[in-house]
Amino acid sequence: MKRVLSSAVVGCVLVLMVVNGTSCGDAKNSPPRATPRDRQARLVKEHAVNPTAQPRIAFVTNGIAEFWVIAQRGAEQAGVDTGATVTVHMPAEGLADQKRMLEDLLAQGIDGIAVSPIDPTNQVEVLDQVARRTLLITHDSDAPASARLTYIGLDNYDAGRMAGKLVKEALPDGGEIAIFVGRLEQDNARRRRQGAVDEIFGRARDESRVEDPNTPMTVGKYTILNTLTDQFDRAKAKANVEDMMSANPNLACVVGLFTYNPVLALEALRGAGKIGKIKVVGFDEAPETLAGIRDGSVVGTVVQDPYNYGYRSMKLLDALCRGKADALPASGFVDIPAVTITPANVEAFEADLKKTLAGGAEKSAK
Amino acid sequence: MKKSIGIASILIAIIVATAILSPNFLTAYNIENLLRRTALFGILSVGVGFVILTAGIDLSIGGVVCLAGILTPYLLTQMGWSPTETVAMIVLMSIAIGVLQGGLVAYGRIQPFLVTLCGLLMFRGIARGITQDQTQGFQGQFQDLRWLGNGRISIPWVEHFAVPAPVLSLVIIAVLSMIFLNRTVWGRWMKALGRNPSAALHSGIPVARLQVLAYAICSLLAGYGGLLFVCDVGSAQPSDFGNFYELYAIAAAVLGGYRLAGGEGSVIGVIIGAAVMQVLRNAITLVPWLPDTAEFAVIGIVILIGVLGDEFLRRYAASRVRTQTKGIS
Amino acid sequence: MIESAPIVRCRGVGKRFAGVQALRGVDLDIRGGEILALIGANGAGKSTLMKILAGVIEHDSGEVHVDGVATRLRGVREAMRAGIALVHQELNLAENLDIASNIALGREPNRWGFLRGRDLNRQAREWMDRVGLEISADHAVESLSIGHRQMVEVAKALSMDARVLILDEPTSSLSMVETRRLLGLIRTLADQGVAVVYITHRLDEVMRCADRAVVLRDGAVTAEFSKTALNRDALVQAMVGTIRQVALAETALSDGAASARGQAAATVRLQVRGLRTMAHPSESIDLSIGKGEIVGLAGIVGAGRTEVLRSIFGIDRRLAGSVEIDGRALRGGRPAHATRAGIALVPEDRQRDGLFAEDSLCVNASIVRIARESMAGFIRTSAERAGVSRMIDLTRISPVRQERMARLFSGGNQQKIVLSKWLMSDPTVFLLDEPSRGVDIGARAEIHALIRESANRGAAVLCAVSDIEELLLLCDRIIVMRDGRITGELSAQDATEESITRLAVHEREECAA
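Definitions and cut-offs
Counting from 1, residues in each chain are numbered in the order their sequence is written. To read the labels, note that chains go from A and ligands from 1, taken in the order they are written. Local features in a predicted model are, by the rule used here, given only for residues with pLDDT of at least 70; side-chain atom pairs are given and counted only at 80 or more, and totals for whole chains, interfaces and linings are based on all residues. Only heavy atoms go into the side-chain values, all of them from the structure, while hydrogens and water stay out. For helices the rule is a DSSP run of H or I covering at least 4 residues; for strands it is a run of E covering at least 2, with both sets numbered from the N terminus onward. Radius of gyration here uses only the C-alpha atoms, and the compact-globule reference equals 2.2 Å multiplied by the residue count raised to the power 0.38. A contact between two residues is defined here by any heavy atoms of the two lying within 4.5 Å. Accessible surface area values rest on a Shrake-Rupley calculation with a 1.4 Å probe, where residue burial reflects the displayed protein chains alone. The salt bridge definition used is simple: a Lys or Arg side-chain nitrogen within 4 Å of an Asp or Glu carboxyl oxygen. Residue polarity follows a fixed list, in which Ala, Val, Leu, Ile, Met, Phe, Trp, Tyr, Cys and Pro are nonpolar, Asp, Glu, Lys and Arg are charged, and the others, Gly among them, are polar. When accessible area is computed with a 1.4 Å probe and restricted to protein chains, residues below 20% of their type maximum are described as buried, those above 50% as exposed, and intermediate ones as partly exposed. Identification of polar contacts relies on pairs of N or O atoms within 3.5 Å, with a donor-acceptor requirement for protein atoms, meaning one able to donate a hydrogen and the other able to accept it, and with residues adjacent in sequence counted only if both atoms are side-chain atoms. Only rings of Phe, Tyr and Trp enter the pairing, Trp through its six-membered ring, and a pair is recorded when the two centres are within 6.5 Å. The plane angle decides the type: under 30 degrees is stacked, over 60 is edge-to-face, the rest tilted. Domain borders in the structure are assigned automatically or taken from a domain database. Two strands form a pair only when DSSP identifies at least two bridges running between them. Axes, fitted as lines to C-alpha atoms, cover a helix only where it is in contact. Angles between the N-to-C directions of the axes lie from 0 to 180 degrees. Note: buried area is the sum, over both parts, of the accessible area (probe 1.4 Å) each one loses when the two are combined. Expected span of a helix: the number of residues minus one, times 1.5 Å. A residue counts toward a patch only above 30% relative accessible area and without a salt bridge, and it is joined to like-charged neighbours within 9 Å or, for Val, Leu, Ile, Met, Phe, Trp and Tyr, to nonpolar neighbours within 5 Å. Every angle not falling under 35 degrees, over 145, or within 65 to 115 is termed oblique; those three ranges are roughly parallel, roughly antiparallel and roughly perpendicular. Note on bend: at a given residue it equals the angle between the axes fitted to the 7 residues ending there and to the 7 starting there. Per residue, pLDDT captures the predictor's confidence, and it can take any value from 0 to 100.

Asker: An account of the overall build of chain B is needed here, citing residue identities and associated values.
Answerer: Looking only at helices and strands, chain B features 13 helices and 4 strands. In terms of overall size, chain B behaves like a compact globule, its C-alpha atoms giving a radius of gyration of 20 Å where 329 residues would be expected to give roughly 20 Å. Its C-alpha atoms give chain B principal-axis dimensions of roughly 70 × 50 × 40 Å. A sequence separation of at least 24 residues applies to 75% of the contacts in chain B between residues at least 6 apart. Only carbon and sulfur atoms are counted for the fraction: they give 71% of the accessible area of chain B, which is about 13300 Å².

Asker: Any chance you could break down the interface of chain B and chain A for me, citing the residues and the numbers?
Answerer: Contacts between the two partners involve 30 residues from chain B and, on the opposite side, 30 residues from chain A. If you look at where chain B meets chain A, you find 5 salt bridges. When the shortest N-O distance is used, the salt bridge between B:R37 and A:E242 registers 2.7 Å. If you list the elements that add at least two residues to the side of chain B that touches chain A, you get α2 (28-53), α6 (143-150), α10 (207-233), β4 (235-236) and α12 (267-286) of chain B. Looking at which element gives the most residues to the side of chain B that touches chain A, the answer is α2(B), with 5 residues. Among the residues forming the side of chain B that touches chain A, the class breakdown is 6 nonpolar, 13 polar and 11 charged.

Asker: Tell me what's going on with the side chain of B:S94, and back it up with residues and numbers.
Answerer: All names here are of chain B. Of note, S94 is situated in helix α4 (residues 83-106). The class for S94 is buried, based on a relative accessible area of 0%. One polar contact links the side chain of S94 to the main-chain carbonyl oxygen of I90, over a distance of 2.6 Å. Every residue in contact with S94, bar those within four places of it in the chain, is listed here: S219, L220 and G223.

Asker: Can you lay out the packing of aromatic side chains for me, pointing to particular residues and giving the numbers?
Answerer: Residue and element names in this part refer to chain B. Applying the stated criterion to the full structure yields 14 aromatic pairs over all chains. Aromatic pair F41 and F229: ring centres 5.0 Å apart, planes at 75°, arrangement edge-to-face. Taken together, the residues span a long stretch of sequence, with F41 in helix α2 and F229 in helix α10 at a distance of 188 residues. For F41, a relative accessible area of 7% gives the class buried.

Asker: Tell me about the domain arrangement of chain C, and please be specific about residues and values.
Answerer: Assigned domains within chain C: domain 1 (8-240), domain 2 (246-342 + 427-512) and domain 3 (356-425). Measuring from the centre of the C-alpha atoms in domain 1 of chain C to the corresponding centre in domain 3 of chain C gives 34 Å.

Asker: Can you break down the sheet that holds strand β12 (residues 333-335) of chain A residue by residue, with the values?
Answerer: Residues and elements named next belong to chain A. The 6 strands lie next to each other as β2-β1-β3-β4-β5-β12, forming an open sheet whose pairing is parallel. Taken across any chain shown, the strands that pair with only one partner, and hence form the sheet edges, are β2 (85-89) and β12. Along the sheet, successive strands turn relative to each other by an average axial angle of 20°, direction set aside. In this sheet, strand β3 (residues 112-115) lies alongside strand β1 (residues 56-60) in parallel orientation, the contact comprising 4 bridges.

Asker: Give a description of the environment of B:A55 that names residues and reports values.
Answerer: All names here are of chain B. Residue position: A55 is located in the loop between α2 and α3 (61-78). Placed 222 residues apart in sequence, A55 and M277 show a C-alpha to C-alpha distance of 23 Å. In contact with A55, not counting residues within four places along its chain, are L260, A261 and G262.

Asker: Quick rundown of the interface of chain C and chain B? Include the residues and the values.
Answerer: In this assembly, 41 residues from chain C lie in contact with 29 residues from chain B. On the chain C side of the contact with chain B, C:F17, C:F356 and C:I379 bury the most area, a combined 16% of that side's loss. Elements represented by at least two residues in the side of chain C that touches chain B include exactly α1 (46-53), α10 (305-313), α11 (335-340), α12 (350-354), α13 (361-366), α14 (369-373), α15 (381-395) and α16 (411-423) of chain C.

Asker: For helix α7 (residues 165-183) of chain B, give the residues involved together with the corresponding values.
Answerer: Residues lying three or four places apart along an α-helix face the same way, a consequence of the helix completing one turn every 3.6 residues. For α7(B), spanning 19 residues, the distance from its first C-alpha to its last is 27 Å, which sits close to the expected 27 Å at 1.5 Å a residue. Those residues of α7(B) lying buried are B:A165, B:P166, B:V167, B:S169, B:L170, B:I173, B:A174, B:S177, B:F180 and B:L181.

Asker: Report on the pairing of strand β11 (residues 212-217) of chain C, specifying residues and quantitative values.
Answerer: All names here are of chain C. Counting buried positions along β11 gives 5 out of 6 residues, so the element sits mostly inside the fold. For strand β3 (residues 35-39) and β11, the ladder comprises 4 bridges, and the chain directions are parallel. Opposite L38, over in β11, you have V214 as the bridge partner. As paired strands, β11 and strand β12 (residues 220-226) are joined by 6 bridges and run antiparallel to one another. Bridging from a neighbouring strand, A213 pairs with F225 of β12. Taking the residues that link successive antiparallel strands as the turn, the β11-β12 hairpin has 2 residues, and the phi of D218 there is positive, at about 50°.

Asker: Please set out a nonpolar patch on the surface residue by residue, giving values where relevant.
Answerer: A cluster of nonpolar side chains, B:W147, B:L168, B:V171, B:I172, B:V175, B:L176, B:I179 and C:F378, forms an exposed patch at the surface whose accessible area comes to about 690 Å². Take the nonpolar patch: its biggest share by element is 6 residues, from α7(B). Positionally, B:V175 belongs in helix α7. Overall, the relative accessible area of 38% leaves B:V175 in the partly exposed class.

Asker: Got a sec to walk through the sheet that holds strand β19 (residues 429-433) of chain C? Specific residues and values, please.
Answerer: Residues and elements named next belong to chain C. The 6 strands are arranged β18-β19-β20-β15-β21-β22 in an open sheet whose pairing can be described as mixed. Of all strands in the sheet, those with a lone pairing partner are β18 (343-346) and β22 (485-491), marking the two edges. Taken pair by pair, the neighbouring strands of this sheet meet at an average axis angle of 20°, ignoring direction. Sheet topology note: the β19/strand β20 (residues 460-464) ladder contains 5 bridges and is parallel. The residue bridging D433 from the neighbouring strand is A464, located in β20. Sheet contacts for α10: β15 (294-298), β18, β19, β20 and β21 (477-482); angle to β19, the most-contacted strand, approximately 145°. Sitting on the sheet, α16 is in contact with β18 and β19, with an inclination near 175° to β18.

Asker: Lay out the packing of α3(B) against helix α11 (residues 245-255) of chain B in plain terms, naming residues and giving numbers.
Answerer: All names here are of chain B. The geometry of α3 relative to α11 is characterised by a closest axis approach of 6 Å and an angle of 125° between their N-to-C directions. Considering their axes alone, α3 and α11 lie oblique with respect to each other. Across the interface between the two elements, I61, G62 and V65 from α3 touch Y245, E246 and A249 from α11. Across the contact of α3 with α11, the residue classes break down as 4 nonpolar, 1 polar and 1 charged.

Asker: Summarise the pairing of β22(C); cite the residues concerned and give the values.
Answerer: Residue and element names in this part refer to chain C. Here 6 bridges tie β21 to β22, and the two strands are oriented antiparallel to one another. From the neighbouring strand, M481 faces β22, where its bridge partner is I486. Taken together, β21 and the strand that follows it, β22, pair antiparallel across an intervening segment of 2 residues, in which D483 is found at a positive phi of about 50°.

Asker: Go over the pattern of salt bridges, please, and point to the residues and values.
Answerer: This model, assessed by the stated rule, comprises 53 salt bridges over all chains. Notably, a salt bridge pairs A:D158 with A:R205, separated by 2.4 Å at the nearest N-O pair. Taken as a pair, A:D158 in helix α7 (residues 156-170) and A:R205 in the loop between α8 (187-200) and β7 (217-219) lie far apart in primary sequence, 47 residues in all. What makes A:D158 partly exposed here is its relative accessible area of 30%. By relative accessible area, which is 42% here, A:R205 ends up partly exposed. A salt bridge links C:R122 to C:D119; the nearest nitrogen and oxygen atoms lie 3.4 Å apart. With C:R122 and C:D119 both in helix α4 (residues 117-131), this residue pair falls 3 residues apart, about one helical turn. Classification of C:R122 as partly exposed rests on a relative accessible area of 47%. Overlapping salt bridges, with partners in common, bring together A:K238, A:E242, A:D243, B:R36, B:R37 and B:D232 in one network.

Asker: Residue-level account of α2(B), with values.
Answerer: Residue and element names in this part refer to chain B. When the terminal C-alpha atoms of α2 are compared, their 35 Å separation across 26 residues agrees well with the 38 Å that a helix rising 1.5 Å per residue should span. Helix geometry: α2 is bent most strongly at G42, by close to 25°. At the C-terminal side of α2, A55 shows a positive phi close to 70°.

Asker: Account for the confidence of the model for chain C, naming residues and giving values.
Answerer: Residues and elements named next belong to chain C. Per-residue pLDDT for chain C averages 83, and the proportion of residues at 70 or more is 90%. Within the model, pLDDT remains below 50 along residues 242-248, and this stretch shows 13 contacts once partners closer than five positions in the same chain are excluded. Taken as a whole, residues 507-513 scores under 50 in pLDDT and shows 4 contacts with residues more than four places along the chain or in a different chain.

Asker: Now, about unusual backbone geometry: what can you tell me, with residues and values included?
Answerer: Cis peptide bonds are those with omega within 30 degrees of zero, and the linkage from C:S398 to C:P399 qualifies with 0°. Structurally, the position occupied by C:P399 is in the loop between α15 and α16. In this structure, B:R109 takes a positive phi of about 55° despite not being glycine. By the secondary structure assignment, B:R109 is in the loop between α4 and α5 (112-131). The exposure class assigned to B:R109 is exposed, which follows from its relative accessible area of 69%.

This is the structure:
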């Protein structure tokens, strides 16, 4: 287990924040979105089960992806380590499906849920309902307006800025940039996009900034043409890149915000014979993206740490179930930061990844 | 051919409008993309045309595209099958799906809408089950097979333009379909069956067998289409690969002059119908002031206008025939 | 009867359809209390004239007076307000609704939009009693025989207070009993003052019940007969003119051919043993038909004749029994099997079951034949066209245009197209259900000639025919059915209207009739 932990997490330092949550908990550090401590403690007490019993906790994703399989490994490992019964649920059909899953879990009398809300602003009601009946934390994508106890994950805005930095490195002389994403209804997609845009344009941090994604913007030497969505239709995702190339002969860089976006951007570039001529910046660790980094067709990718989304959120829920309210971070946020993968560190990262997935297989073989 | 004039003029109108609004529309690269997408969706549409011809409907196309699309890389990379074995498996599986669904419709007398709706859910479910929801990709290999989907056939003395490989598949499929429908006994019977199923039965036409055949052709083309799609895209995710493709296919067939009541339709029309859909989607991205979010609205409006215009023309033509011949009765 | 002023008076009514003069100056008086028979060959203009009176189409020359006032009937509703109702040959009923709802359609008794079921049924009952429809008013129309549907149509017209009731070939699909009842009914209605216009091809009915007969030919009135002057030969003469006297010649022709076929009939071609149909599962049918023999199936509507034909061909499932052709059992229960074995069926409802209306004459005629002529499944277009061309010559379908859509042909020619479909494949067993329904007397003779021709080439012919005159004219032998059972068999020589009717009808019903 030690091996798994050390290999999977790059920003592992923050574990300390969780374990020593109380020590960092002075008022001036806690951001406004944190729920008052005493209310949290009361909630934990209310919902806590017998400390000696096996809590039943659930990990709910926002869809189906390899990314979540890695998170599943982490969540399951946490179950093995803590003795809690961990189940993982991946909604196939979006919002309604996720709501159904949450309701079903409540109906089962689950002891705690960690969820990645698909549409945090509009799901507040559902999330509050869950929070009333069980212990709720969010991961991957936060719903600050809801009564969730805490959020585990990366700050997507910061991750977006990391991608923006890669774009600036790839285009030191400026140029035309297009952004591709599955759908912009998701908070994480919106924040990633805004982070990238703000970084490229060299603007100060402002998470509340809202801009029309389809209006071309130029600041200095950089132009961001458009942000195209594909509703997870891969053929459409590829077509989007092709159409952007058609419409803009001077396109210099494409940014793919979801796992498959850089992969399909590469497909489109290959078809047009523009590999290397148009730069690709991606998110996540699809094998094709990593291969692209190795052969130079991809500038770099920003990866999250899904293993720890699973592992840490389950570990935390287990602790809360056993009544340990002090396991909660004072900031209301457990940061598991993203990492930039470039040709410099791609080999090491891949080796780690392989170990993680193999680790899961080993465990299940037992 | 005459029947396709309406839809062909819509296509031309959209092409002209987009060419005026976007200088990049008529570039070789964009045309290649459009040809490839039209071919991919056209294959599905030609297939569903056979079923619609017999007054049936096949909603399972999206499911079959998904199953074929994820099985292709799955069999190649996970199971280590050879490309020949894989293609053979996809073809056999698709035909089997069609025969099963057609059999339930023709011999089991179950409504095609129901049978194929269940098929749609089932095949996607099977795809997700087999792969445990894992994305299936070619991992950079099997370029020979993938040529079917993403290859280009260069034309001698033409430098910057090449014909996308799926166009070749579509042309072969379209020609075979037209020969089948217009030159063979079964084709003739299939059309007659759609026009008047009762008269077909009373003429000793093997109605049930022809229905099964229509579903088998449809599923075969859906499976082959799925294979081409994944060859083009490179990877497929079981949860959403091919989502809504049955509706795109049916819409293209109806735009192309197929009547859902059966008996009417032309292969050329269907392909033009598929082209209309693809050019529209392309135009929405290319024309700067068209918001991307309006995509489905624009497609819906254009289909509606197309079908309305077609119906208007049909009625106008029918009323002229009627006034000319009413005296004799 | 008092000579009253006419309700409707036509003066020089003309109608042109894109180059074809369908009506050329027709004069016609329609009087209350009178049954007016309107006869003429297909295409003579009867239907056009009646459609003008019923407001379906408008005339373009001449005048139509209703109650002495010149008017233009724009639309069916206007005609109905004037008291004119047309019962179409192709019945216009909502098949999924019940009888009562059909009769009241568009005028349902309601309170604030809610149907009043009891009133609906009571009112329907009155009209149904008036036309002698003795079944429950809540039967769905789709479950009714064509005969019953006809009566529902008449009841519906009456319920709209029609003073002029136009019946377009009302008896073409009715059995003898039903025909008699209908004729009795229109006599009663006429006595009550209704003007009945009766379009028919059956001259015996004209002779029996018309007060006056008007003959149309090529869009003009060629003759008018008062009741006392009615004469069969004169009627035919007026209808077909001097050129096409086929109908008159038919009687002579049938006598000669029948005796010639008598010899060949010795070898059995079609043998049916213990056939049980879905309609009459408890009855079992046995029959055998010789090579070249024409056997008629007589009986009232609902006697099970259609079901026997359909079961032999495989449209309906055979519950039990075997079908043998030339001593070899027919295998497989579907029409495709029967067709391959050489069985042909000309269905009763040619629009629904016989014709591909939107396809060309060529496609319709060759649809069965192409399978036999194909090379590895490919249609040999030249052979197809040549075959159809030969068949058009033989059947004298007009106009001679292979590419013309089937629905554009007249009724008689459409029936010839359906016959051609089977004649082209030279059937060994030829089943026909009302082969001359709704065709004029000239075309009927031609159709009979084609059936005889097929028999002469060795086919075993079994045809269900309701018109007794036609049965006697066409058949060598007549099998009579009642309630799904064969009740008797008569040779053509012995059969008379009386002997057939006695076998076809229950004693009780016969008395009533």
